[in-house]
Structure formats: structure tokens, C-alpha cells
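# Inside the fold
These are the residues of each chain, in order.
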Amino acid sequence: MTKKIFASIMAVSCIAVTVAMIFLTILNYRATTDSTAGDLAESCGMIASAVEMNGGRYLDETDFGELRVTWITRGGRVIFDSQKDPDSLDDHSGREEVAEAIESGEGRSERYSDTLMTTTLNHAHKLRDGSVIRVSNAQRSFPAQLLKSFQPLLAILAAVTLFSFISASLISRHIVKPINNIDLDHPKTERSYKELAPLLRKLRKQNGKVNRQMIELRQSREQFDIITESMSEGLIIADQKANILASNASAYRLLGVEPSEEQHTAFSLCHNEEFRRCIQNAMGGMRSECLLSTEGGERRVIASPADNCGSVTGFVAFVLDVTEQQQLETMRREFTSNVSHELKTPLTTIYGIADMLANGMVKAEDVSRFGGDIRGESERLINLINDIVSLSQLDENTAPRQDEEVDMYELAEEVIARLDMNAKEKNITASLEGDHVKVIGSRTVLSEIIYNLCDNAIKYNVSGGSYSVRVSHIPTKALITVSDTGTGIPDEHIDRIFERFYRVDKSRSRKIKGTGLGLSIVKHGVSYHNGTVRVSSKSGKGTKFIIELPVEGASAKKQTEISE
Ligand code: ADP
């Protein structure tokens, strides 16, 4: 705008100056011509009077300077010329001014010469004898005058241009300044040109509208951020070129990357080939899923294309933490395979013996031994099935829940009595000490906990060894310890003994009856009562299991996740 105003002022000034100069030149030329013509008429009259009085002698004796004086007879012959030889001049009767003077006493004319670029002014005066005195004076023609004044004109034009340049730049800046100073965010009509008032009013209105929309947009963006940031699932929203439009902290956390400025595209979040394929499928319009193993655990990525009227405009991807799910799946698979294996072994033995019996291959004296084997294997099967049922009830939280006040001391006493035969078989002595601490809980489950621990204390004990149960009370909790003088558990196995079907020494344990589910039941049973179980053991010295149960019992139990 400044440039335009500047150029306009410059153009107007230059044109105005040029036109004014031409106009002045014309006026000057006209004034000069008129003055010269007047002088000529006066000179001509005076010369004519002098000739009337003194005759031709006056003409011969007078120096007329630049003036050309010609005396022409009535017939048109030149008899005197102050600048040329009269004989060389032709008949002048036809000259405009001469003819006019002969006819009316005075005559005048202007003759323009292209070659000389002059204009000759002539004035003629008729004498009493009918002859004519003509006085001529040559002056510059208008183009010559214009050419002559061209140089000063150029100088003036340059001076005016310089002046115009400075003033145009000042004026244009001055004009534009109030426009530049308009605060577009808060336009005030009174501080600018009144011609701009309607525009500024409109601008103010538009600003208000835009501001309201911006606030609404910010609010919805903030809402969106709050919602997505509180999500435990990762969220990535990207355009058709995989440029990230929105994402939440969980997405970065689950994918194990630190958010940074360089992560413009979804591909930069994870360099796994499966992830890339999943994103590419979504960008191609196909819903896609993949599983990723990260340092933090197992992740499932679900990417769905964002379809707008048939064209894919981007995609939305969710990143889910499926570590626990995957672990449970692995556990379920292992459990199924272990159960099948554990069921198959005794059943194969039973089938084999039954087959031999059916084919009469067993001697009469061996029947009772084989019968004993069948009973033993059946017992193993029953134990196994009982353990699986107990575990599944604890897993599903479907164990018959009849919470009651249970005296843990009395419960331990009962268990020790039930296992008396087993202990005696191995020459193991049992002892019970402590207080009658009462716990609110499931008698069946609590009994199973104590039973499994005492059973193990006998099974994994040495002949002639001992085990003891101690029931005591610590603030708000019941403390039950079962310690034995048995084989102990090597350190490297301690962390795994609560896993389902885990047995420390499979070949050795084979001889000792067991399912590998006992301690799992203990752990789940304790957790069922919102308690804790710890173990300390020294290989070859013995083992101690310490259980803490809240005395308020299972009624205080929170829904605790059980995991192995
Ligand atoms: P099992 O039916 O084999 O006894 P458990 O789950 O009860 O299964 O025990 C898991 C394993 O932990 C056992 O096979 C045994 O190796 C070890 N274990 C359990 N209790 C004791 C203990 N008191 N002394 C030594 N080892 C033990």
C-alpha cells in the first residue's frame, strides 16, 4: 500500500509538473509573440513616419540592428532591404502583410520556417505615396522555444522529482501509519480513518466469533486430552500419511518409548515389523491387529482405518497391555497339558493292570498286589481331581463360602491328628504350640491350607524327623508357622514352589506321592482370606512356612488378584 501511494504521488507530481511547464512555455511564447508584434507595429509606424519626412535617405543612414526593414513600391518591387540586396528579392505585392497594408493601411503576418525553426513576425505600413514599409523580426518558433527550455525543464523536473520522492515517501508513510497501527485483535474505530470504521467493526465482530470458536475448540481439546490421558490403553490417531494427530501418554508408555519432538509419524513409535505391517494395513483401509513383545510386557495393537466417504483419511490405533492375559493364557495351556499328563499316568497304569487281569495274565497270588496298585493309582487320581476342584473353586471364587469363626489352634490339632498315621509311618513326631487364635473364614479352605503344609512337612521330612505347628497372635493378625526338619528346598526353587504342578525334584518326588498342586492351593487359600504366605528353607536342614491371616478374616477380604 505504501508503495502504491508513493508511486501515485510521484506519478501525479511528475505529470503535473510536466504539464505545468508545457503550459507555461506556451503562455510565455504567446506573450513574447504578442509583445514583439506590438513593438514591431510601433517601430514600423515610426520608420514609416521618418521615411515620409526624410525619404529613402533615412533608411540608408539608419542601423536597424536585428530588425529587417523593407521598402516596397506600390507595384510590389523591393527598393530597400536592410539585410538583403533588393535586386535579389522577388515581387512582394503578394505577401500577406504587404497586400493587407496596401488594402487597409496596416498589415501583419507570421511566417514559420521549418528549416530555421523560427517564426518571422511582419508588420507593414502603407505610406502616403502607396508604397509600403515592412518591418520583420524573427524569433524562435514554439518547438524551438520548447527545445530551448527542455534543459531547465529537466532540471526543474529532477528537482521536483526529488522533492516529490521525499515528500511522497513521508506522506505515504504518514497515511499508512494509522492503518499499520491498527490492533487487529482489538480494532478501535475511533483510532483510525473513519472510512475504515465499517471494516473495523466487521473485523471486531469476526474476532469475537473466532475467539468464541477458539475457546470452544480449546475446551473440547482439553476435554479430549483429559479423557485420553486418563486412559490406561494407548491411543494413536494419525492422518493418511501416518502423521500423528493425537496420542496419549499410555501409548508411549506401553510401547516403551519416550515422547519426543522427532516422533512425527506413527512408524517412529515402534520399529517392529509387525507393528509397521499393522499400521500399513490400517492405512490401506483394513482393520489390523498384532502382538508385540516389549521390555514392559506383551502388547496388542489394534489399528482401524478412518473412512470418510470411501477414502481412508487416517487411522486410529489402540495399544493394550495384554501381559497378564498372555500369562494367564500360557498358564491355562500349561495347566491343561499338566492335568492331561497327570491324569494319563495313573490311568495308563490302571488300564495296563486291568488288561492283564482280563486276559488272565495275573497269577492268583499277585492279584492282591495289583489290586493295591490300582487302589494307589486311583487314590492318586482322586487326590489330583480333588486338588484341581479346590483350585478351580478358589480361582473362580466359587468355593462354598460359609465364613465362621475358626479356632486355628483347634484346626491345626485336627489336621495333625488326621495325619498321625502318615507321620508314624515315617517315624516323625509332631508338635503344636501357641494360642487359640480365632479367624473369621472358610473352615474348609483353612483346613486345606494347614493340611497341605503339614502333609508336606511329613512327606519331605527325613525318617525320625519332626515338624511343629505354632499358632500365635500378632496385632490384628493370626500367625501360623509350620516348620519341619526335612530335606529343605534349594534356593533356586523357592520362588517357583507355589506354581501349579511345580515339583522340586521330579524324579525323587515321583516316589513321594503328590500332585504339585498343594502349595498352589495354600497360596490361593491364603489370598482368599486376604492373608500372606512366606517360606524360608535351608537345603538339608528344614523348611518353615509362615502364614499371616487377618483376624477379621475373609469378611475383610478385598478382591485380590491371584497370580502365580
Ligand atoms: P506336592 O504335591 O508335590 O507336594 P506341593 O505344591 O505341595 O506339591 O509342593 C511343591 C514342591 O515343593 C514339592 O514337590 C516339594 O518339592 C517342595 N516342598 C513343599 N513343601 C516342602 C517341604 N516342607 N520341604 C521340602 N520341600 C517341600
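Just so we're clear, the structure is a prediction, and the values are computed from it rather than from any experiment.

## Digging into the pairing of strand β9 (residues 297-308)
Judged from the seven bridges that link them, strand β8 (residues 288-294) and β9 form a sheet pairing that is antiparallel. Of the residues in β9, the one forming a bridge with C290 is V301. Counted between consecutive antiparallel strands, the loop separating β8 from β9 contains two residues. As paired strands, β9 and strand β10 (residues 311-321) are joined by 10 bridges and run antiparallel to one another. Residue pairing in the sheet places D307 in a bridge with V312 of β10. Counting the residues between successive antiparallel strands, the hairpin from β9 to β10 contains two residues, one of them, C309, with a positive phi of roughly 50 degrees.

## Quick word on helix α11 (residues 408-418)
Within the sequence span of α11, burial applies to M408, Y409, L411, A412, V415 and I416. Taken around the axis of α11, the buried residues stretch over an arc of 160 degrees, which confines them to a single face. Away from the buried face of α11 by more than 90 degrees, exposed residues A417 and R418 are located. Where α11 begins, one side-chain oxygen reaches toward the backbone nitrogen of Y409, 2.9 Å away; that side chain belongs to D407.

## Let's talk about the sheet that holds strand β15 (residues 477-484)
The five strands lie next to each other as β12-β14-β15-β17-β16, forming an open sheet whose pairing is mixed. At either end of the open sheet lies a strand with only one pairing partner, and these are β12 (429-434) and β16 (532-538). Neighbour-to-neighbour, the strand axes of this sheet turn through a mean angle of 15 degrees, independent of strand direction. Bridge count for β12 against strand β14 (residues 466-474) is six bridges, and the pairing is parallel. Paired with T429 across the bridge in β14 is S466. Strands in contact with helix α13 (residues 443-459) are β14, β15 and β17 (542-550); relative to β15, the strand with the most contacts, it is inclined by about 20 degrees.

## Some points on the site of the ligand
Surveying the vicinity of the ligand reveals 19 residues, the closest of which are N456, Y460, R503, T515 and L519. Take R503: an N or O atom from its side chain is 2.6 Å from an oxygen atom of the ligand. Contacts to the ligand include V504, whose backbone N or O atom sits 3.2 Å from an oxygen atom. In the complex, 97% of the free accessible area of the ligand, which totals 530 Å², lies under the protein chains. When atom positions are compared with the pocket grids, the ligand is found to occupy the largest pocket. Of all the secondary structure elements, the ones that give two or more residues to the shell around the ligand are α13, α16 (518-528) and β17.

## A few points about the domain arrangement of the protein chain
When cut into domains, the protein chain gives domain 1 (2-148), domain 2 (231-321), domain 3 (326-391) and domain 4 (400-550). The distance between the C-alpha centroids of domain 1 and domain 4 comes to 148 Å.

## Points about the nonpolar core
Core analysis: the biggest nonpolar cluster contains 49 residues, and M408, Y467, V469 and I547 have the highest contact counts within it. When residues in this core are grouped by element, the largest group, eight residues, is from α13. Counting the residues that make up this core, at least three belong to each of domain 3 (326-391) and domain 4 (400-550). Counting 23 residues, the second-largest nonpolar core is a separate cluster that includes I244, L254, L292 and V319.

## Side note on the environment of I302
On the secondary structure map, I302 appears in strand β9. Classification of I302 by relative accessible area gives buried; the value is 16%. Residues I302 and R287, spaced 15 residues apart in sequence, show a C-alpha to C-alpha distance of 7.5 Å. Apart from the residues lying within four places of it in its own chain, the contact partners of I302 are R287, S288, E289, V316, A317, F318 and L320.

## Looking at the layout of surface pockets
Its volume calculated, the largest pocket comes out at about 1,300 Å³. What lines the largest pocket is a set of 47 residues, and nearest its centre among them are D455, N456, K459, K513 and G514. Those elements that provide at least two residues to the lining of the largest pocket are α10 (367-396), α12 (420-425), α13, α15 (506-511), α16 and β17. At 11 residues, α13 tops the list of elements feeding residues into the lining of the largest pocket. Here the lining of the largest pocket is built from residues that sort into 14 nonpolar, 18 polar and 15 charged. Shared between two domains, the lining of the largest pocket takes at least three residues from each, and those domains are domain 3 (326-391) and domain 4 (400-550).

## Some words on the packing of aromatic side chains
The full count for this structure, using the stated rule, is three aromatic pairs. For the ring pair Y58 and F64, a centre distance of 6.2 Å and an interplane angle of 75 degrees mean the geometry is edge-to-face. Plain terms: the ring middles of F335 and F501 are 5.4 Å apart, the flat faces sit at 50 degrees to each other, and that makes the pair tilted. Residue F335 is found in helix α9 (residues 323-358), and its partner F501 is found in the loop between α14 (491-494) and α15; the two are separated by 166 residues along the sequence.

## Examining the packing of α13 against α16
Any two packed helices are characterised by the angle at which their axes cross and by the distance between the axes. Their axes nearest at 9 Å, the elements α13 and α16 cross at an angle of 145 degrees. Pair α13 / α16 crosses with left-handed handedness. The residues of α16 that touch α13, namely those facing V445, E448, I449, N452, L453 and N456, are G518, L519, I521, V522, G525, V526 and Y528. Across the contact of α13 with α16, the residue classes break down as eight nonpolar, four polar and one charged.

About the criteria used
- Residues numbered from 1 in each chain as written.
- Predicted model: local features only at pLDDT ≥ 70, side-chain atom pairs only at ≥ 80, totals over all residues.
- Heavy atoms only, no water.
- Pairing = 2+ DSSP bridges.
- Helix = DSSP H or I, 4+ residues; strand = E, 2+ residues; numbered from the N terminus.
- Buried < 20%, exposed > 50% of the residue type's maximum accessible area, 1.4 Å probe, protein only.
- Arc of directions from axis to C-beta.
- Polar contact = N/O pair within 3.5 Å; in protein donor to acceptor, adjacent residues only side chain to side chain.
- Axes fitted to C-alpha atoms, helices over the stretch in contact; angles between N-to-C directions.
- Contact = heavy atoms within 4.5 Å.
- Near = heavy atom within 4 Å.
- Areas by Shrake-Rupley, 256 points an atom, 1.4 Å probe, with all protein chains shown as cover.
- 1 Å grid on protein atoms, 1.4 Å probe; cavity = no way out; pocket = protein on both sides within 12 Å on 5 of 7 lines; lining within 4 Å.
- Sits in = over half its atoms within 2 Å of the grid points.
- Domains from an automatic or database assignment.
- Core = buried A, V, L, I, M, F, W, Y, C linked by side-chain atoms within 4.5 Å.
- Points joined across faces, edges and corners; volume = space filled by probe spheres on them.
- Nonpolar A, V, L, I, M, F, W, Y, C, P; charged D, E, K, R; others polar.
- Phe/Tyr/Trp six-rings, centres within 6.5 Å; stacked < 30°, edge-to-face > 60°.
- Left-handed = near helix turned anticlockwise from the far one by under 90°.

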